[in-house]
Every structure is written in C-alpha cells, then in structure tokens.
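Coordinates in review
The residues making up each chain are set out below.
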Amino acid sequence: MNTKVNIAGVEWKNPVTVASGTFGSGAEYADFVDLNRLGAVTTKGVANVPWAGNPTPRVAETYGGMMNAVGLQNPGIDVFCERDIPFLKKYDTKIIVNVCGRSEEDYCEVVERLADEDVDMLEINISCPNVKEGGIAFGQNPKAAEAITKAVKKYAKQPVIMKLSPNVTSIPEMAKAVEAGGADAVSLINTFTGMKIDIDRKKFVLANRTGGVSGPAIHPIAVRMVYEAAHAVKIPVIGMGGIAKAEDAIEMILAGASAVSVGTANFYNPAVTMEIVDGIEKYMEKYGFENVSDMVGIVE
Ligand SMILES: Cc1cc2nc3c(=O)[nH]c(=O)nc-3n(C[C@H](O)[C@H](O)[C@H](O)COP(=O)(O)O)c2cc1C
C-alpha cells in the first residue's frame, strides 16, 4: 500500500497536514503528535513584520465548532526563520509556510525572504476574514486573486498554494483565477464569516464583532466547495473545513482533494491527525486501494 502523494512536485509521505493557525509551528503539539507521521506541517500565517492581532475576546465556541477573530497575530518573518524553521527541520515531514500580508508588497517580501530558506511549499492566505486590509481583499475578487498570485510567483522558489475563501459567490471562478495566475495548487476552505451575540450582556461575543466559523459544522459545505474547485482546475486541491475524523478526510479525497488539512479538531483532540493517518490506511486496506491517488475524485 502506498500512502504517498505528490502535490505540485513535492512528495508527502501521506495526504495529511494541519490547517494553518490551529497547530502553531508544531512545537506545542509535539508531545501529542509524532510530527514525523504527518505528510506536512502547515504553519501559522507569517507576515513581513510582527502583528499583534485583534483585541480580545477573539475566540468563542459555536454549535459543532468555533469562531475566531485572532487577526493573524504572528511574530514576523525574522523570528519565524530563526525559531520555527530549525524546529521543524528536526522532523521528517514537509514544511508548508502560510504567508499573510496587508499589501502585495508585504506578501512578496515574505515570499522573497523564504526563497533561500529550507521549506517545501508556500501557502498564500488571501482569505482571512478577520483583518481589515489585505487578506480577504485579494480573496473575493477573481482579478485581484489572479494578480496577487502572479506577483508572488515572481519571487517564489517553492511551489505556491493559494488558499481560497468560502465567502465568495463562485468557488470555480476563484480557483480558475489563481490557476490562471500561475498557482501550483489551491487549498480551501478558510473560515466563514459569522457573528455571535451574548444575550445577557447584549454585546457581541468577539471584540471584532465578526469572526471566522470553523469546525465540523462547516464540513458539508467544504466538501461541496472542494468538489467544485477540483472540477474547475487541473492543479491539485488541498481540502479542509471541519475534518474531525478519518471518514471526513476520506470524503474530501473522494470529492477531489489530493491532500487534506485538519484544523479546529486539533484543539479538542490533539492526536486527531494520527487517527486520521491510521484511518486512511485502514480504509485503503478495506477497499483494496493501492495508492491514495486512486481515490482522488472518484465520486463524479
Ligand atoms: C484559531 C484559528 C486560526 C487560524 N489562523 C489561520 C491563519 O493564520 N492562516 C490561514 O490561512 N488560516 C487560518 N485559519 C483557518 C484554518 O486554517 C482553516 O482554513 C479553517 O479553520 C477551516 O478548517 P477547520 O474547520 O478544520 O478548522 C485559522 C483557523 C482558526 C480556527
């Protein structure tokens, strides 16, 4: 049985990674998860300079998931390169660096800086609903998404994954736009913009008023969007959104994802990725799949 997958020329030992922002840079999970058993580690978004993030409270529980408006708090690319890359290099897993920015120049600066670093892939977050400038401004307009993809591709030495927002009218249109801009792969979905009100305090629960909804509650919508994206483009699709068990990951793969990312579920079940890696193998054995790639998109 072969669990390896090839994502834009990079071979992962299995199709399982973690969703950006839910796993730090791996260090806080290393006691629960054998990082060597992950296909890749996807890091929290990093910008050219440190970002403080949004005021608190910035996370809340919801039915079947959570809301967050962390606002891409991060220590900046200098600390990331000195601290997080050397930590991850100790493990036999691929490193995907998630990049955020407020402007085209911000994104390009980080991508250029990473060109000389020993990391495997870049994931460009143009889909964060919780920052006012940048992020989503590029992720809701196909022309802007194509332009930012072209811009980062000029500086990128590693394959570029463009991360899409579900807060759009047409996923196929956005996926095609980043493919036209030269993206090597596409990942989706980021969170859905939501709102929660504390009825006793008669106030918004999150200081930011709105936040991104994630977790099992969004899973069926994510599967539909991954299916649509996979049918719209030729580049590989990395599927995420509410994956909490092996069955959810397999569903994404059958819908067309070449690999999957696990996010919110890590918070309440830190070992969930290991269960998913094992569960995919068991499923392959049960149904006689020789390669993971034989499963990708077979539900037409
Ligand atoms: C607390 C939190 C922080 C996140 N931070 C980032 C981030 O820095 N960059 C990014 O691209 N996505 C970020 N996301 C979105 C996730 O990577 C993922 O796309 C989304 O949560 C859906 O997957 P899930 O339902 O499995 O969590 C964050 C999500 C959460 C819950």
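Residues numbered from 1 in each chain as written. Predicted model: local features only at pLDDT ≥ 70, side-chain atom pairs only at ≥ 80, totals over all residues. Heavy atoms only, no water.

**A look at the pattern of salt bridges**
Rules: What counts as a salt bridge is simple: a side-chain nitrogen of Lys or Arg found within 4 Å of a carboxyl oxygen of Asp or Glu. For helices the rule is a DSSP run of H or I covering at least 4 residues; for strands it is a run of E covering at least 2, with both sets numbered from the N terminus onward. We call a residue buried when its accessible area falls under 20% of the maximum for its residue type, exposed when it is over 50%, and partly exposed in between, using a 1.4 Å probe and counting protein chains only.
Under the definition given, this model contains 10 salt bridges. Across the salt bridge formed by Arg 113 and Asp 78, the nearest N and O atoms sit 2.4 Å from each other. Here Arg 113 is found in helix H2 (residues 104–114), whereas its partner Asp 78 is found in helix H1 (residues 77–88), with 35 residues between them in sequence. We classify Arg 113 as partly exposed; its relative accessible area is 32%. Here Glu 146 ties to Lys 150 by a salt bridge, and the two come within 3.4 Å at their closest N and O atoms.

**Structural notes on the site of the ligand**
In plain terms, the rule: Nearness of a residue to a molecule or strand requires only that one of the residue's heavy atoms be within 4 Å of it. Distance and chemistry together define a polar contact, namely a pair of N or O atoms within 3.5 Å, with one atom able to donate a hydrogen and the other to accept it when in protein, and with adjacent residues in sequence counting only for side-chain atoms on both sides. The method behind every accessible area is Shrake-Rupley, applied with a 1.4 Å probe, and residues are considered shielded solely by the protein chains displayed.
Among the 23 residues in the neighbourhood of the ligand, the closest are listed as Ser 20, Lys 163, Gly 215, Gly 242 and Thr 264. The backbone of Ile 189 places a nitrogen or oxygen atom 2.9 Å from an oxygen atom of the ligand. Here the ligand, which alone exposes 610 Å², has 97% of that area covered by the protein.

**Considerations on the packing of H1 against H2**
Formally: Fitted lines through C-alpha atoms give the axes, limited to the stretch in contact for helices. The angle between two N-to-C directions lies from 0 to 180 degrees. Left-handed describes a crossing whose near helix is turned anticlockwise from the far helix by less than a right angle; the clockwise case is right-handed. A contact between two residues is defined here by any heavy atoms of the two lying within 4.5 Å. As a working rule, the residues Ala, Val, Leu, Ile, Met, Phe, Trp, Tyr, Cys and Pro are called nonpolar, Asp, Glu, Lys and Arg charged, and the rest polar, with Gly in that last group.
At their nearest, the axes of H1 and H2 sit 11 Å apart, and the two run at 35 degrees to each other. Every pair of crossing elements has a handedness; the one defined by H1 and H2 is right-handed. Only Val 110, Arg 113 and Leu 114 of H2 make contact with H1, whose side of the interface consists of Ile 77, Asp 78, Phe 80, Cys 81 and Ile 85. Counted by class, the contact of H1 with H2 contains six nonpolar, no polar and two charged residues.

**A look at the sheet that holds strand E16 (residues 259–262)**
Operational definition: Pairs of strands are assigned from DSSP output, requiring at least two bridges between the strands.
Pairing is parallel in the open sheet, where eight strands are placed in the order E3-E16-E15-E10-E9-E8-E7-E4. Either end of the sheet is taken by a strand with one partner, and the two such strands are strand E3 (16–18) and strand E4 (40–42). Across this sheet, the average inter-strand angle for adjacent strands is 25 degrees, counted without regard to direction. Relative to strand E8 (residues 121–125), strand E7 (residues 94–99) is paired through four bridges, and the arrangement is parallel. Within E8, the position partnered with Val 99 by the bridge is Ile 124.

**Re the side chain of Lys 163**
Let me state the cut-off plainly: Just so you know, the count uses Lys and Arg for positive and Asp and Glu for negative, and it drops His and the chain ends.
By secondary structure assignment, the location of Lys 163 is in strand E9 (residues 160–163). Buried and unpaired, Lys 163 has Glu 123 as its nearest opposite-charge partner, separated by 4.4 Å. Excluding residues that lie within four positions of it along the chain, Lys 163 makes contacts with Ser 20, Asn 98, Glu 123, Ile 124, Asn 125, Ile 126, Ser 127, Ser 187, Ile 189, Asn 190 and Met 240.

**A word on the sheet that holds strand E6 (residues 65–68)**
Across the sheet, four strands lie side by side as E5-E6-E14-E11; this open sheet has antiparallel pairing. This sheet does not close on itself; its edge strands, each paired only once, are strand E5 (59–62) and strand E11 (192–195). Strand-to-strand twist across the sheet, computed as the mean angle between neighbouring axes with direction ignored, equals 40 degrees. In terms of strand pairing, E5 meets E6 through four bridges, oriented antiparallel. Each residue of the ladder has a partner; that of Ala 60, found in E6, is Met 67.

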